[in-house]
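Architecture and fold: a report
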Amino acid sequence: MQDVVLALLAKEPSHGYQLRARLRDALGPLGEALNDGQIYVTLTRLEKAGLVTWEPAGEGEGRDRKVYALTPAGQHRVAEWLTEVAWPRPAPTDFHLKLTAAAAARLADPIALVDAQRRELLRLLRDAQRAALAEPPGSVAGLLLEGQVLRLEADLKWLDACEQAWTTRGDRK
Amino acid sequence: MTEAVLRTRKLRKEFGKGDGRVRAVDDVDLAVDAGETVAVMGPSGCGKSTLLHLLGGLQRPTGGEVELGGRRVETMSERALARLRRDRIGFVFQAFHLMPELTAVENVEVPALLAGRSPRAARTTALDLLDQVGLADRTGHLPSALSGGQRQRVAIARALSTEPLVVLADEPTGNLDSAATAEVLRLFDRLHRAGQTLVVVTHDARIAATADRILSMRDGALVDQTVLAGAA
Amino acid sequence: MGRLLLVLRLAWRDVRRRPVEAILALLVMMVATTTLTIGLALNDVTDHPYEQTKAATAGPDAVAGFLSENGAPPASAAVDAITRLPGVTAHGPLMPMAHTTLTLGRRTATVQAWGREPAGGDPVDRPKLTSGGWVGAGSVVLERGFADALGARVGDHVTLGGRSFRIGGTAVSAALPSYPSSLCHLLCFAGIAPGPHAFDLGLVWLTPADLATVHERTTPAVVYLLDLRLADPAAAPAFAAAHGRETAPFLLAWQQIRDADAGVTRSAQTALQVGAVLLALLAVAGLTVLAGRRTLEQTRRVGLLKAVGGTPGLIALVLFVEHLALAVLAAAAALGVGRLLAGRFTAPGAGLLGSSGPATLTASTVAVVIVVALLVALTATLLPALRAARSATITALEAPARTPRRHGRVIALSAALPVPLLLGLRLIGRRPARAALATLSTAVTVTGLVTILTSAAVNARDTGGLHNLRTERLAQVTTTITVMLLVLAAANTVFLTWATVADARHASALARAFGATPDQVTGGLSAAQVVPAAPGALLGVPAGLIVYRAVTQTSFSAPSVAGLAAVLLGSVLAVVVCTAIPAGLGARRPVADVLSAESA
Ligand SMILES: Nc1ncnc2c1ncn2[C@@H]1O[C@H](COP(=O)(O)OP(=O)(O)OP(=O)(O)O)[C@@H](O)[C@H]1O
Ligand SMILES: [Mg+2]
């Protein structure tokens, strides 16, 4: 979140509400959850870290009067962020460990866990897909939704693989 | 809850004899309501296609009942089955199965012509359906001149041409890439919202996710059901 | 209405997708039905010339014959018993007839010498002169057909029973069939004829006095003939049956003479009808291959039509309509062509007056030809149609390329052979039924050729150097049938090879991908035709002899061994040639094209 706000300020100094609108556009339906206060909390944190400053401008009221801009340290940080290649959650480690643990300690049937998880993912997929179908073609937010759909699809395929693996394991015992 | 359009009781289909006997469909009880979309998923060889063929009267069961629109299917004569297929069922296949010598619009009008509609009425309906599936500019093309996704959309239009009670689709996107799958997906979603009853067998989670219910099949039996409807 | 449109559209599109196949199918059916048309058109062709002759010569309605061992005329009581029978309205004089030999230059023929008064003017049977004058002392008249065959002209001198006569004229008559037909009846029946096969008897008229000198030198036996006019000519056969006896008198109705006269045309007709049967067999074989070649495609089509709700009846209709349409077209063309060709076989013999006119097609001929064409088409499409219509919808729809049968033995055996034979044998193993068709097709062809060869040998024996109308006609007919047989056989071989090439496309592309040369593949495809064709050719030789025997009901002199060997070798060679073209074309398509086309 912090990096995204910094990057949005890299183009030109902006009001807080302008930043919020731009974020909403990019995230589409996924940005609905973003609450108004969150952006100001983030800006305050960045200001404390010395990455952002502000100047009063126009006649607006309260915090809307502030126009935020990057400090040199902030600009440096943006450049660094753009070159980063780390990828969030490359493997569904959590669920994998959950299955292993459940099976080892005989806490639950791994197949049942897989089924439950699949149901959940299918629901997510259905929602994401409906949202994607509702987007007009070529929308930026639609692209993000497609990313979500494809990831869920991959996860569902992996669940099939889990099921098969745990079924054959169970058979062997 | 509305009345079930399609219902099976203790439906069973066996192949082979003696040691080589396979129970492809094993005591399946199923009820599909009007306007409902049901997806059937399961590992390869678990009997999904066989189930669909039994539902559509393309194969005869070893035991049990199939009821479509209140009429028993498994006891029908070959002629009655043929009439049932052309009037009340629309089939969509993984391999499209279009007639290579007929153009898109001619393929779409085949069931209507078989049903004895007048050529003009059949043509009007077919053109309308092709327009709905986004192929208004491809009506005169032979299947060989269409892409996979376009062929499948022609096949779907054909399945709809006699306004069937239920559309049965067997891996409709099995031969398609991601973009073509999206075309079909969009179409199924539209059908669903228009209230078309739809049973679709698929490996594709994206297709399954458009359904109201997903049935999981293992070794010929329905083992699990995921209800997706209403949660939106 | 909509259904009809669909059926027609499917048939029409199918024809348009494969025009060459449709044309070939048409050709094959046409050849067979044309032959049949000619055979049928000849059915009643010579009636009219005979009847014209009978009217022009006051021909008898019945002829009574009295056998006389010593040459003396029959007792007048016996003659009166005949002339006073109810129904007899008039009669001619008693006329002697004897059996003797005629020589003109170096040519010799057996003749019936008939004694007639030089005055003429008899109430019944007045032979019509076509050249020269009537008989007189030392002057004879030859029947025109016989004179033509002999090359005799008025003024020539002939030897009859050792005595020399001048030919005074030529004439036609309805009292005996014209040359080369004959009724040896009179003499063979009396046991005096030279042998059981005294066909091609000539007819000579001369004065009774001259006849007496001739027959005394050869044989004393004479037949006395009495021409009768009946009140009801149509009832002549009944009259003859009621009053004729084994010995004297025997009676002959004019219808029997007319039928014997049709013999020339009849032998042509028999040959054509047998030929038509053989050709129809070939046509069925060819069409079966054509239809069977597309079984897979048709099976899928059927599955598809079933899946979208076509009833079994409608599906059968779709399969049939295309072939039925072709059959009707073929029948129509065959009727036209057959009518034209039939005219070539029907010019009347020189022994008859008038002309037979163009062969006419009766309604029944037209019906028979159309029905046969339809039957041929139906037979060829019946099996695939039944198989397709009966198969479970889903099996039909998802039919993979019908897995060829695997013959472990063939595969093991062929491994030791040269590459072309290896490939050929394995191809046969994949489709044994098709190999059987190749055998059958060759067998039928060779059967036909051997029959023709035999009849040629027999005819050569019969002519005795004479110009023989019947032989000429038969030669004409057999040439026609031979040409048609060869055309059909060639077409069949090409079909078979095509089918094999199409079927083996994938396998041979693979073989080439792994290093077989196009020549080896061509060789393999040819071998797949030649190997089954060879036993077929061998089978055809005895079959041909048997067919000839059965049809003509006569003894035969077997054709020369050299001729038979030529037919055998020739047909196998022809198979090789007909095979090489499609096989060579098939084996030269780029490998990648074939393999990628298969997966599409
Ligand atoms: N005609 C047949 N004869 C014999 N066995 C058959 C036949 N058709 C299907 N089977 C068997 O029945 C079982 C179910 O086949 P089915 O085609 O219904 O599977 P599926 O679930 O559709 O598989 P996939 O996802 O691979 O299409 C399989 O074990 C198959 O081998
Ligand atoms: Mg399947």
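These numbers were taken from a predicted model, which means no experiment stands behind them.

**Section: the overall build of chain C**
Looking only at helices and strands, chain C has 22 helices and ten strands in total. The buried share of chain C, reckoned over its 600 residues, is 52%. Summed over its atoms, the accessible surface of chain C is roughly 24,700 Å², and 65% of this surface lies on carbon and sulfur atoms.

**Topic: the site of ligand 1**
Residues and elements named next belong to chain B. Surrounding ligand 1, one finds Phe15, Val22, Ala24, Ser44, Gly45, Cys46, Gly47, Lys48, Ser49, Thr50, Glu171 and His203. Glycine 45 is positioned such that a nitrogen or oxygen atom in its backbone is 2.8 Å from an oxygen atom of ligand 1. Contacts to ligand 1 include lysine 48, whose side-chain N or O atom sits 2.7 Å from an oxygen atom. Broken down by secondary-structure element, the contributors of at least two residues to the shell around ligand 1 are β2 (22-33) and α1 (48-55). With three residues, α1 is the single largest residue contributor to the shell around ligand 1. A per-class count over the shell around ligand 1 returns four nonpolar, six polar and two charged.

**A few points about the pairing of strand β8 (residues 202-206) of chain C**
All names here are of chain C. Burial of β8 is extensive: five of the five residues sit out of reach of the surface. The alternating pattern of β8 places Gly202, Val204 and Leu206 on one face and Leu203 and Trp205 on the opposite face, and all of these are buried. Examined bridge by bridge, strand β3 (residues 107-115) and β8 share five bridges and lie parallel to one another. Paired with glycine 115 across the strands is leucine 206, a residue of β8. Direction of pairing for strand β5 (residues 139-143) relative to β8: antiparallel, over a ladder of two bridges. For valine 141, the partnering residue across the bridge sits in β8 and is tryptophan 205.

**Side note on the interface of chain A and chain B**
Taken together, the 16 residues of chain A in the interface contact 19 residues of chain B. Together, the buried faces of chain A and chain B total about 1,600 Å²; carbon and sulfur atoms form 52% of this surface. Put simply, chain A and chain B have three salt bridges between them. When the shortest N-O distance is used, the salt bridge between arginine 218 of chain B and glutamate 163 of chain A registers 2.5 Å. Going through the elements one at a time, α6 (110-134) and α7 (140-172) of chain A are the ones with two or more residues in the side of chain A that touches chain B.

**Quick notes on the pattern of salt bridges**
Using the criterion set out here, one finds 31 salt bridges over all chains in the structure. With a closest N to O distance of 3.2 Å, aspartate 137 of chain B and arginine 138 of chain B form a salt bridge. Relative accessible area serves as the criterion here: at 54%, aspartate 137 of chain B is assigned to the exposed category. Several salt bridges converge on common partners, so that one network encompasses Asp115, Arg118, Asp160 and Glu163 of chain A together with Arg218 of chain B.

Thresholds applied
Residues numbered from 1 in each chain as written. Chains lettered and ligands numbered in written order. Predicted model: local features only at pLDDT ≥ 70, side-chain atom pairs only at ≥ 80, totals over all residues. Heavy atoms only, no water. Helix = DSSP H or I, 4+ residues; strand = E, 2+ residues; numbered from the N terminus. Buried < 20%, exposed > 50% of the residue type's maximum accessible area, 1.4 Å probe, protein only. Areas by Shrake-Rupley, 256 points an atom, 1.4 Å probe, with all protein chains shown as cover. Near = heavy atom within 4 Å. Polar contact = N/O pair within 3.5 Å; in protein donor to acceptor, adjacent residues only side chain to side chain. Nonpolar A, V, L, I, M, F, W, Y, C, P; charged D, E, K, R; others polar. Pairing = 2+ DSSP bridges. Contact = heavy atoms within 4.5 Å. Buried area = accessible area lost by both parts, 1.4 Å probe. Salt bridge = Lys/Arg side-chain N within 4 Å of Asp/Glu carboxyl O.

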